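Next come the chains, spelled out residue by residue.
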Amino acid sequence: MQHGKYRFIVGFLALPLGLYALFVVWPFIQSIYYSFTDWTGLSPEFKMVGLDNYRRMLDDEIFWKSLQHSLIFALVLPLVTISLALFFSFMINVGGRKRRGGPVVTGVRGSSFYKIVYFFPQVLSIAIVALLFAFAYNPDSGAINSILRGIGLGSVQPLWLGDPSLALWAVMAVLVWSTVGFFVVLFSAGMASIPADLYEAALLDGAGRASTFFRITLPLLWDTVQSGWVYMGILALGAESFAVVQIMTTGPGGPDYSTTVMVLYVYQKAFRDGQAAYATTIGVALLVVTLAFAALVMRLGRRERLEY
Amino acid sequence: MGSTSAENSNNGSAGVGRRDLIKRSAALGLISVPTMSFLSACASSGGDDSGDKAKAGKKTAKNPLAVNDTAQMEFVLFDGGFGKEYAEDAVKIYETNFPKAKVKFSATQKIQSTLQPRFNQGTPPDLIDNSGAEQMDMGVLVGKNQLADLTPLLDAPSYDDPNKKVRDTLRPGIVEMGQFDGDPVWIMYYAYTVYGVWYSQKALDSLDEQYPETWDQMLAVCEKAKKKGMAGWTYAGKYPYYIPFSLYPMIAKVGGVEVLDAIDNLEPNAWKNPAVKACFDAYYELYKKGYVLKGTPGLDHIQSQTAWAQGKALFIPNGSWVENESANVIPKDFDLAVSAPTGIDSSDKMPFGTIWASGGEPFIVPAKAKNTAGGMEQLRIMLSEASSKNFTSKVKSLTAYNGGTDGITLTPGLKSGVAALEKAGDNVVNPRLQDWYVQLQKEQIGVAGLGEMMAGRLTPAEAIKKIQGFADAAAKDSSIKHYKHQ
């Protein structure tokens, strides 16, 4: 039965592979090709310029700033989001005290309500979330400073998005707010598949919440956490960071370039400055960063898998 | 079963390991490196520009540009603060004049995303209002020979008077603004914008003050306002490149127009001129003395305009579009007024009244358009007295057509703008940084320089040093085209 197996497989794979090559691989190759030209994006004419764009990129102070911000996004955002999500989903699913007559493993009181609350931001498009928070951060009439005034902290009125040392963090907080719910649901699903008797055994042995979490939940959830980490990192390097930075910190990416990220810089060079070739060069750099990030997380996260 | 790692699981056992799944989802995620594939998708080999141009029509007195009266004309308008009604009215006139011609008119806010692919394919429309946040870079378009020279239009007889060229009916400076290097005129600016310090005459009256002419008077007015619980100034903190609307003409007033020209020409040490320092110091004093509305650096243009219209601040640097843009937040009895910027004192090189006014709403005719004559004819119609009046009465802004305000009731802001222009006489300056070097003007000088200074995070001396550094870098940057005042 082995003969013809490969022909069979190839027959099935030809079409999807062809589509993949045409719509995914080919554009990548094209972009890399354009990064060696002086294409403006506003006229069909261009010529090869060799490594000029790359040389320029290495001397470009704003590029380095945007790289730095993108790296902060890729490292801090997953860390904060996933830690929070792990904590929340643990409390929702496992962290509750045993109640009389109830199951042994249970979440804190009102956990089904919290689940909905956490997930709620997910139904809003990132553009709406960004706009909402842009209003909330308004130093004059925004919600946050109004609350500060309301509780007697009228002297603390940060400029938020107008302050170069706060703007990046303010933007990241919005992304955490809007994505943490997704991971709560993801991790909740993962925890649901962990057998309850493991927890029962741990509880009988007198394990507290913290050791239950670190000895049982986290190790058994590790694969989910790792894929969540990669997913979040790619979001933070790509689409989501672009949306919030573009919408919230209007202008060139915050005061004094404090929130410029790589995707935003690609966009500005291509669609504002008429330097599409240079934009593809930064795009190539972004590709390298993203690949390196994914490879690093895979490498560092490698560990023995437990089966149950 | 014990434990097994993903590496072991692929011998024999079918299915996809979780690790593989992660790897694949990572690969898929990479597709979202968003612009790369999109950028490539819009690059093309490009059509050649010969062939399908519309044939020239017959040149007559009524048709001096020899428009082919059966050819299609396509017009894409930026649908912004001025709306689209004025252009639709002008299109109707074109259709009446050439009943056999088909006109394709569309209005969009997304100029660049709509038109960039068409420039790349070599099939752009015949007339474009290249404006708004998605304005295509004019320097690049000119540098890549994508624009038609509008000289035939300027030398054609005007729509109203066959003995007058279009060129002679325009406000001073309009033609020069459309030039980059040498004679060809690439851009026709249709609107005419007055920049300056905008305020409520009523609020000023309530303080028993006149508009201040020297900086000491300015500080006194602000002090008085502060005592009444009103800030002296606000500005678009997230877009601090609005500050130059009053700051640049002030620099010209203090140090002479050569200072601004040197800045535009990116001459070494242009920003180190003492006049620049004096004006920066003056503005910085507004911050130091607490005359700037609290929280201003975090406001965008709409928010700052709203705060100003609500009477939280007295003055705001802005352009004449503010009257239309803020129409629904400006109270009825606001009595909107504009003034030329306040100077330092009587030793200033230019008189009080020196103001920045220049063309706005840039219209272009692409070189590769099929019906360039049609595009220019549409512009000629728009530059007639009737169309100009129609624009002014509908959107409260002047046009490039010199005059055209008789017989229509002017709104307070517009009236004050006309008066300011009259008072300025020849002392109208036109700094070019914002159309020659967009990034330098907006991001670097505006946000990174002036914005930081007005938020109190840079001293004037530091701001000047930083801005001079940006200007020097721009002068050296071979990827941008450089211009000089003629």
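What you see is a predicted model; the values in this text were computed from it and never measured. (Residues numbered from 1 in each chain as written. Chains lettered and ligands numbered in written order. Predicted model: local features only at pLDDT ≥ 70, side-chain atom pairs only at ≥ 80, totals over all residues. Heavy atoms only, no water.)

Caption draft 1: The overall build of chain B, seen in detail. Scanning chain B for helices and strands turns up 20 helices and 10 strands. With 486 residues in all, chain B has 56% of them scored as buried. Considering only contacts within chain B whose residues lie at least 6 apart along the sequence, 75% involve residues at least 24 apart. Per element, the accessible surface of chain B, about 19,700 Å² overall, is 51% carbon and sulfur. (Helix = DSSP H or I, 4+ residues; strand = E, 2+ residues; numbered from the N terminus. Buried < 20%, exposed > 50% of the residue type's maximum accessible area, 1.4 Å probe, protein only. Contact = heavy atoms within 4.5 Å. Areas by Shrake-Rupley, 256 points an atom, 1.4 Å probe, with all protein chains shown as cover.)

Caption draft 2: Up close: the pairing of strand 4 (residues 188-200) of chain B. Residue and element names in this part refer to chain B. Where burial is concerned, most of strand 4 is hidden: 13 out of the 13 residues are buried. Here seven bridges tie strand 4 to strand 8 (residues 355-364), and the two strands are oriented antiparallel to one another. Note on strand 8: the bridge partner recorded for Val194 is Ala357. With two bridges connecting them, strand 4 and strand 9 (residues 398-399) associate as antiparallel partners. In the strand pairing of strand 9, Ala191 is matched with Thr399. Relative to strand 7 (residues 336-339), strand 4 runs antiparallel, the two sharing four bridges. By the bridge assignment for strand 7, Trp198 is matched with Val338. (Pairing = 2+ DSSP bridges.)

Caption draft 3: Fine view of the UniProt feature "transmembrane region" (unreviewed entry) in chain A. Residues and elements named next belong to chain A. The sites that carry the UniProt feature "transmembrane region" (unreviewed entry) are, in the present numbering, residues 7-29, 71-95, 116-137, 166-187, 229-248 and 276-298. Taken end to end, residues 116-137 comprises 68% helix and 0% strand; its first and last C-alpha atoms sit 25 Å apart. End-to-end, the C-alpha atoms of residues 166-187 are 31 Å apart, and along that stretch the chain is 95% helix and 0% strand. (UniProt positions renumbered as here; feature names shortened; annotations may be inferred.)

Caption draft 4: Summary view of the packing of aromatic side chains. Residues and elements named next belong to chain A. Taken as a whole, this structure holds 56 aromatic pairs over all chains when the rule is applied. With 6.4 Å between their ring centres and 75 degrees between their planes, Tyr33 and Phe46 make a pair best called edge-to-face. In this pair, Tyr33 is assigned in helix 1 (residues 5-34) and Phe46 in the loop between helix 1 and helix 2 (52-59), connecting sequence segments 13 residues apart. The exposure class of Tyr33 is partly exposed, given its relative accessible area of 40%. When the centroid spacing of 5.6 Å and the interplanar angle of 35 degrees are considered together, the rings of Phe182 and Tyr231 count as tilted. Separated by 49 residues along the polypeptide, Phe182 in helix 7 (residues 167-192) and Tyr231 in helix 10 (residues 222-237) bring together distant segments of the chain. The partly exposed category is assigned to Phe182, whose relative accessible area is 30%. (Phe/Tyr/Trp six-rings, centres within 6.5 Å; stacked < 30°, edge-to-face > 60°.)

Caption draft 5: Highlighting the packing of helix 7 of chain A against helix 10 of chain A. Residue and element names in this part refer to chain A. Viewed as axis vectors pointing N to C, helix 7 and helix 10 meet at an angle of 160 degrees, and their least axial separation amounts to 11 Å. As judged from the angle between their axes, helix 7 and helix 10 are roughly antiparallel. The handedness of the crossing between helix 7 and helix 10 comes out as right-handed. Counting all contacts with helix 7, which are made through Thr179, Phe182, Phe183, Leu186 and Phe187, the residues of helix 10 involved are Thr224, Val225, Gly228, Tyr231, Met232 and Leu235. (Axes fitted to C-alpha atoms, helices over the stretch in contact; angles between N-to-C directions. Parallel < 35°, antiparallel > 145°, perpendicular 65-115°, else oblique. Left-handed = near helix turned anticlockwise from the far one by under 90°.)

Caption draft 6: Just the packing of helix 3 (residues 61-93) of chain A against helix 10 of chain A, in detail. All names here are of chain A. At a minimum axis separation of 8 Å, helix 3 and helix 10 run at an interaxial angle of 140 degrees. By the criterion of interaxial angle, the relationship of helix 3 to helix 10 is oblique. Helix 10 is crossed by helix 3, and the crossing has right-handed handedness. Contacts from Ser70, Phe73, Ala74, Leu77, Pro78, Leu79, Thr81, Ile82 and Leu86 of helix 3 reach helix 10 at Val225, Gly228, Trp229, Met232, Gly233, Ala236 and Leu237. The class makeup of the residues in the contact of helix 3 with helix 10 is 12 nonpolar, four polar and no charged. (Nonpolar A, V, L, I, M, F, W, Y, C, P; charged D, E, K, R; others polar.)

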